[in-house]
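# Fold and geometry: a report
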Amino acid sequence: SQFILFIGVGAVIPTIPLYGQSIGLSGSSNGIVISAPAVALLLVSRVAGEYADIGRKGAMIGGMACIAVSDVGTALSNSLATLVLARLGLGLGRGFAEAGERGMLTDLANKTPRLRGRALALQQACVALGIALGAPLGGMVVEEYGARSAFLCVSAAAVVALGMYSMLPETVVKDMGQQEDAESAGSELFSDSATNNDEADWTKLLQTSSTWRSLAVAQSGTSFGFACKIAIIPILANTYLGGATGAGLLLSAAGLAGLVGAPLGGFLTDKAGSRVAAAVAGAASGISLAFIPVGLSLKGMETTSMDVNGLPSLAEGLPSSSNFWHSILTGLGGPQATAFTLLVLLWSVGASAQGPALTALAQEKAPIGSEATALGLPRAVGDGTYIVAPLILGYFSDQMGDSVPGISCTIAGGAICLGSIALFLLSSEEDA
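Note that this is a predicted model, so its numbers are computed, not measured. (Residues numbered from 1 in each chain as written. Predicted model: local features only at pLDDT ≥ 70, side-chain atom pairs only at ≥ 80, totals over all residues. Heavy atoms only, no water.)

### Comments concerning the nonpolar core
If you look at the biggest cluster of nonpolar residues, it comprises 26 residues, and the most contacted ones within it are C228, I233, L236, L289, I292, F340 and C409. When residues of this core are traced back to their parent elements, those giving at least two are helix 11 (210–231), helix 12 (233–240), helix 13 (244–272), helix 15 (292–296), helix 18 (335–365), helix 19 (371–400) and helix 20 (407–424). By size, the runner-up hydrophobic cluster in this structure holds 19 residues, among which are L215, A357, A366 and A374. (Core = buried A, V, L, I, M, F, W, Y, C linked by side-chain atoms within 4.5 Å. Buried < 20%, exposed > 50% of the residue type's maximum accessible area, 1.4 Å probe, protein only. Helix = DSSP H or I, 4+ residues; strand = E, 2+ residues; numbered from the N terminus.)

### Digging into the confidence of the model for the protein
Mean pLDDT for the protein: 79, with 79% of residues reaching 70 or above. Across the protein, helix 14 (residues 274–290) holds the top mean pLDDT of 95, while helix 17 (residues 322–330) sits lowest at 40. Contacts of residues 175–195 to residues separated by more than four positions or lying in other chains number four contacts, the stretch itself having pLDDT below 50. For the stretch residues 301–331, pLDDT sits under 50, and the model shows 24 contacts to residues farther than four places along the chain or on other chains. (pLDDT = per-residue confidence, 0-100. Contact = heavy atoms within 4.5 Å.)

### Let's talk about helix 11
Think of an α-helix as turning once every 3.6 residues; residues three or four places apart then point the same way. For helix 11, which comprises 22 residues, the first-to-last C-alpha distance of 31 Å matches the rise-based estimate of 32 Å (1.5 Å per residue) to within 8%. For helix 11, the N-terminal capping position is held by S209, with its side-chain oxygen 3.3 Å away from the main-chain nitrogen of T211. (Expected span 1.5 Å × (residues − 1). Polar contact = N/O pair within 3.5 Å; in protein donor to acceptor, adjacent residues only side chain to side chain.)

### As for the packing of helix 11 against helix 18
Two elements in contact, helix 11 and helix 18, have axes separated by 11 Å at closest approach and are oriented at 150°. As the angle between them shows, helix 11 and helix 18 are arranged roughly antiparallel. For the pair helix 11 and helix 18, the sense of crossing is left-handed. In this structure, helix 11 uses T211, W212, L215, A218, Q219, T222, G225, F226 and K229 to contact helix 18, whose residues at the interface are W347, A351, Q354, L358, L361, A362 and K365. Residue classes in the contact of helix 11 with helix 18 are distributed as nine nonpolar, five polar and two charged. (Axes fitted to C-alpha atoms, helices over the stretch in contact; angles between N-to-C directions. Parallel < 35°, antiparallel > 145°, perpendicular 65-115°, else oblique. Left-handed = near helix turned anticlockwise from the far one by under 90°. Nonpolar A, V, L, I, M, F, W, Y, C, P; charged D, E, K, R; others polar.)

### Remarks on the packing of aromatic side chains
Counted by the stated rule, this structure contains three aromatic pairs. Pairing Y51 with F96 gives two aromatic rings, centres 5.8 Å apart and planes at 75°, and the pair type is edge-to-face. Within this pair, whereas Y51 is found in helix 3 (residues 27–54), its partner F96 is found in helix 5 (residues 80–111), the two being separated by 45 residues in sequence. Residue class for Y51 comes out partly exposed when judged on its relative accessible area of 42%. When the centroid spacing of 5.8 Å and the interplanar angle of 85° are considered together, the rings of Y395 and F396 count as edge-to-face. (Phe/Tyr/Trp six-rings, centres within 6.5 Å; stacked < 30°, edge-to-face > 60°.)

### Side note on the packing of helix 11 against helix 19
The relative placement of two packed helices comes down to the angle between their axes together with the axis-to-axis distance. Remark: helix 11 packs on helix 19, axes separated minimally by 7 Å, with the N-to-C direction vectors making an angle of 40°. In this view, helix 11 runs oblique relative to helix 19, as classed from their interaxial angle. Here helix 11 runs over helix 19; the crossing is right-handed. For the contact of helix 11 with helix 19, the class distribution of residues is 19 nonpolar, five polar and two charged.

### Observations concerning the side chain of D71
Mapped onto the fold, D71 is located in helix 4 (residues 56–76). Of note is the side chain of D71, whose polar atom sits 3.2 Å from the side chain of R87. Excluding residues that lie within four positions of it along the chain, D71 makes contacts with R87, L90, F151, V154 and S155.

This is the structure:
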C-alpha cells in the first residue's frame, strides 16, 4: 500500500510549483502552498496520535480518505485560497494516516524487536522506490494531460491504499468485557487511559527524557536537510549541472540512493543499536551536505590541474585509471559538478539510513498504550522546523550565496550534525 501510494506522491512532487505558476501564483504564493500541509500536520499531530492510540485502522482509513478528497480539490482549484484550503486538507489527512501508520508499524515491530531496523528499512525503501518510479511516470502524465492530472493520480493511489488498509488487521484491540467491568467499577478504564496519555505528554517527555530531547533535535536537523533538498539543491543543480534536466536527474538519483541507505540503516540499527546507527548516519549526511561549498570551490582546479591530454595530474603515472579519472572529473561538467553530485548522493544515503534508526529509537522508548501519541512528538518538531527552515536557508543564500555558493547547505548540514551530537551524548543508561 505504501509503495502504491508513493508512486502517486512521486508523480506530484515536481508538479506543485508548476501548477501554481499555471494558475498565476507568484513565487511567494507558491511558498505558502508548499508549506500549508506542514502547518496542518503540526497542528493536528497530537490529536491524531491520541486518536490512533484508540484504533490504528480508523486513523489510517479516515486520513487516507481525506488525502484522496484533498488532492481532487487541488486538481480543481483555480485560486490561492482554494489551493491552500485543499493543501491544508492534505496535511490534515496525512496527520491522521501517518499517526495510524506509525502506531501500526510500532505494534508489528514490537513482535520481532531484533528485526526492527530491517523491517523499518524495508518500509522506507518501498517509499523511496515508489517516489523514484512515480516522478518520471508523473512527468509523462503531466506532459500528456496537464499538471492537474498528477493530483488525480495521487487521489487514485490513495483510494487503492485505503482499500488495502481496510484489509489489514487492527493491532490495537480493546477488551470490551474489561471495559464494561471498568465502567461498572467506576471509571477504572478512564484512569488507565489518563495514565497512558500522561506518560506520553510531550512536555513531560521532553522534560524527563534526554532521548526524546535528542530525537527532537535530530528530527529538526533532518528537516533542515530535506528543506535544503527542496529549496536550495535544485537551484545549485540548475547552475552547476547544466539546467533543469541535470537538476531532475540529480534529484531522481538522490531518491534512488534511498534504496541503498535504508537497508544499510536498518542493518546498522539491528547490529549496533538504533542510537548509534542514527548518530553515525546523521553525522555522515550532515558532513556531506556541509561540504558542498568546498566541492563548489573546486572550480579553479578545472584549468590548473589538467595536463595537456586533459587528464588530471593526480592520475599521472596511473595509466590504467586515466579513463576513470577523466570520466569522473569531466563527465558531469568538471570537478565542481562531480563533487556537488557525489556530496548530494552521500547526503541522501546518510539521510535514508538515519530514518529507520530514528524511528526505531522512538519506538523503543514510546510508552506502551500511547505509542502513536509519543511518536508524534519528533514528527511535530520536524514539521515545525520545515515551516521555517526554507526561510532561514533562503536568507543565508541571499546574503552570502554569491560569495560562498552553497552556504545554505552548510547551515543545513550543521543542523543535522547538531542532532547527531545530541544522540552521541546520550548516556548509556538512557540508551539501554
